[in-house]
Amino acid sequence: MKRGFLRLAMVLAFLGIGLGLAVTDTTPAVAGNVTLTYSNFFPPTHIQSQLAESWCQEVEKRTEGRVKVQYFAGQTLTKANQTYDSVLNGIADVGMSAFAYTRGRFPVMGAVDMPMGYPSGVTATAVANMISEGYAAKELSDTQVMFLHAHGPGMLHTRKKAVATLDDLKGLKIRSTGISAELITALGGSPVPMPMPESYQSLQKGVVDGSVHPLETNKGWKLAEVVDYVTMANSVAYTTTFFVTMNKAKWSALDAKDQAAIAALNKEFSVKHGQAWDSSDAEGLKVFKENGKTVVELDPQEMARWSAAAAPMIQAYAQKLEQDGLKGTAVVEAIRQELAKNAAK
């Protein structure tokens, strides 16, 4: 009797396995569906954050729901200066931040931030992507870069004291990051390295005397409330390059058709981010003036002094890249040519 029950149990088990296999074979595969996390230091109300969230929505739409992105703004997932490593190590799957927040780690991309007299975010964004594709592949190889963008002309903003000459800048403590910190040193000021999220309180409390940032920041980060003057030193206007990058393993795990859809989307959004920098610069200047603040224009002679003061740092940076086996001279010349090409349009 026991042997009979045992045989029956084995038969039923066999049939169960068979039925299970039959069900598995006829069930549509869902292994390609994935949810990614996206870390961004910009606050939710900032145009660059709003665009990032739109990118997330478009990813889901263009991959027909196979790839979804959970968005974390305002440093709620990772801090600005930790974002790149968080993507590299899989803490965040996608991240946006500035190369300047990890100074020295991206030497070729650092050249883009030089005070080359950037006229707009659209131009700076074009330069950033051109350099990344042509010269910086090695230093960006440990993550999958989606796209880069860069802000419009970075200007000197100060509290309490107007800066109309280089002499006015001497002794002032200026919030800056990366290459912009080197620029402040070259111009005679004292740089205070600090990411943007910390700037408002530092200016408000007088920890620093000023900050270098694009005009949009007067609205986007509300800095018009805590600065009094902006010096329009156009000839030494710098930029800051921002990355949007993905963990390589997460990228590789995506279906090829989803990778293609996202790659096409990236090209569109790089342009959108550049355009947004320019429109928000106009808004930032408007808010600055509405707050009763003062725009300081440099006369041609003084502008030439600022350019002459900044020139050695550009040359030195190119030479340092050459010493490190990188094409510093070619990179700087490529930037100048791209700026000239865009100026001619």
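My aim in this report is to walk through the structure given alongside it, one point at a time. Only a predicted model underlies this, so the values are computations on that prediction, with no experimental measurement involved.

Parameters and conventions
Per-chain numbering applies: the sequence of each chain, read as written, is numbered from 1 onward. Totals for whole chains, interfaces and linings use every residue, but because this is a predicted model, local features are given only for residues with pLDDT of at least 70 and side-chain atom pairs only at 80 or more, for both listing and counting. Excluded from the side-chain calculation are hydrogens and water; included are all heavy atoms of the structure. Strands qualify as paired when DSSP identifies two bridges or more between them. In this text, helices come from DSSP runs of H or I with a minimum length of four residues, and strands from runs of E with a minimum of two, each type numbered from the N-terminal end. Axis definition: a line fitted to C-alpha atoms, limited for helices to the stretch in contact. Angles are taken between N-to-C directions and run from 0 to 180 degrees. Note on contacts: a residue pair is in contact if any heavy atoms of the two residues lie within 4.5 Å. What a helix is expected to span follows from its residue count: subtract one and scale by 1.5 Å. Each residue is assigned a bend, namely the angle between axes fitted to the seven residues that terminate at it and the seven residues that start at it. Three exposure classes are used, based on accessible area relative to the maximum for each residue type with a 1.4 Å probe and protein chains only: buried under 20%, partly exposed in between, and exposed over 50%. Two N or O atoms form a polar contact when they lie within 3.5 Å of each other; inside protein one atom must be a possible hydrogen donor and the other a possible acceptor, and for residues adjacent in sequence the pair counts only when both atoms belong to side chains. To sort the angles, those under 35 degrees are grouped as roughly parallel, those over 145 as roughly antiparallel, those from 65 to 115 as roughly perpendicular, and the leftovers as oblique. Handedness of a helix crossing follows the sense of rotation of the near helix relative to the far helix, less than a right angle counterclockwise being left-handed and clockwise being right-handed. Aromatic contacts are taken between Phe, Tyr and Trp rings whose centres are within 6.5 Å, Trp giving its six-membered ring; a plane angle under 30 degrees counts as stacked, one over 60 as edge-to-face, and the others as tilted. Throughout, nonpolar core names a set of buried Ala, Val, Leu, Ile, Met, Phe, Trp, Tyr and Cys residues whose side chains join them through atoms within 4.5 Å.

**Structural notes on the sheet that holds strand β3 (residues 94–98)**
Right, so step 1: In space, the five strands of this open sheet follow the order β2-β1-β3-β10-β4, with mixed pairing throughout. Every other strand in the sheet has two partners, leaving β2 (67–72) and β4 (144–150) as the edge strands with one partner each. Across this sheet, the average inter-strand angle for adjacent strands is 20°, counted without regard to direction.
Right, so step 2: In terms of strand pairing, strand β1 (residues 34–40) meets β2 through six bridges, oriented parallel. By the bridge assignment for β2, Ser39 is matched with Phe72.
Right, so step 3: Against the sheet, helix α2 (residues 47–62) touches β1, β2, β3 and β4, its axis set at about 160° to β2.
Right, so step 4: Of the strands in this sheet, β2, β3, β4 and β10 (241–246) touch helix α11 (residues 256–290), which is tilted by about 15° from β4.

**Regarding helix α12 (residues 300–323)**
Right, so step 1: Counted at 1.5 Å a residue, the expected span for α12 with its 24 residues is 34 Å, and the 35 Å between its end C-alpha atoms agrees.
Right, so step 2: At Ala310, α12 shows its maximal kink, close to 25°; a proline, Pro312, follows between one and four residues later.
Right, so step 3: When we look at burial in α12, the residues that qualify are Glu302, Met303, Trp306, Ala310, Met313, Ile314, Tyr317, Ala318 and Leu321.
Right, so step 4: Against α4 (107–112), β5 (154–158), α6 (166–169), α7 (179–187), β9 (229–232) and α13 (328–343) lie the buried residues of α12.
Right, so step 5: The backbone nitrogen of Gln301 lies 3.1 Å from a side-chain oxygen of the residue at the head of α12, namely Asp299.

**Some details on the side chain of Thr217**
Right, so step 1: Among the structural elements, Thr217 can be located in helix α9 (residues 217–220).
Right, so step 2: Excluding its chain neighbours within four sequence positions, the residues that come into contact with Thr217 are Met196, Lys222 and Leu223.

**Overview of the sheet that holds strand β6 (residues 173–176)**
Right, so step 1: Spatially, the six strands line up as an open sheet ordered β7-β6-β8-β5-β9-β11, and their pairing is mixed. With one partner strand each, in any of the chains shown, β7 (190–193) and β11 (294–297) form the two edges of the open sheet. Averaged over all pairs of adjacent strands, the angle between their axes in this sheet comes to 30°, without regard to strand direction.
Right, so step 2: Sheet analysis places β6 next to β7, joined by four bridges and oriented parallel. The partner of Ser176 across the bridge, within β7, is Pro193.
Right, so step 3: Against the sheet, α11 contacts β5, β8 (210–214), β9 and β11, and its axis sits at roughly 115° relative to β11.

**Description of the packing of α2 against α11**
Right, so step 1: The interhelical angle for the contact between α2 and α11, taken along N-to-C directions, is 160°, at an axis separation of 10 Å. Taken together, the axes of α2 and α11 lie roughly antiparallel to each other. In terms of crossing hand, the pair formed by α2 and α11 is right-handed. In this structure, α2 contributes Ile47, Gln48, Leu51, Ala52, Ser54, Trp55, Glu58, Val59 and Arg62 to the contact, and α11 contributes Ala261, Ile262, Leu265, Asn266, Glu268, Phe269, Lys272, His273, Ala276, Trp277 and Ser280.

**Some words on the packing of aromatic side chains**
Right, so step 1: Scanning the entire structure with this criterion turns up 14 aromatic pairs.
Right, so step 2: Judged by centre distance (5.6 Å) and plane angle (80°), the ring pair of Tyr38 and Trp55 falls under edge-to-face. Highlighted residues: Tyr38 in strand β1 and Trp55 in helix α2, separated in sequence by 17 residues. When sorted by exposure, Tyr38 lands in the same class as Trp55, which is buried.

**A word on unusual backbone geometry**
Most peptide bonds adopt trans geometry, and most residues besides glycine take a negative phi value.
Right, so step 1: Positive phi, normally seen in glycine, also occurs at Glu64, with a value near 55°.
Right, so step 2: Structurally, the position occupied by Glu64 is in the loop between α2 and β2.
Right, so step 3: At Lys222, a position not held by glycine, the phi torsion is positive, near 60°.
Right, so step 4: Position of Lys222 relative to the elements: it lies in the loop between α9 and β9.

**As for the nonpolar core**
Right, so step 1: Counting 47 residues, the largest nonpolar core has Met109, Ile131, Trp306 and Ile335 as the members making the most contacts within it.
Right, so step 2: Counting only elements with at least two residues in this core, the list comes to α4, α5 (121–134), β4, α6, α7, α12 and α13.
Right, so step 3: Looking at this core element by element, the count peaks at eight residues for α12.
Right, so step 4: Apart from the residues within four sequence positions on either side, Ile335 is in contact with Ala111, Val112, Met116, Tyr118, Val127, Met130 and Ile131.
Right, so step 5: Judged by nonpolar contacts, the second largest core, of 46 residues, contains Ala98, Met196, Val208 and Met232.

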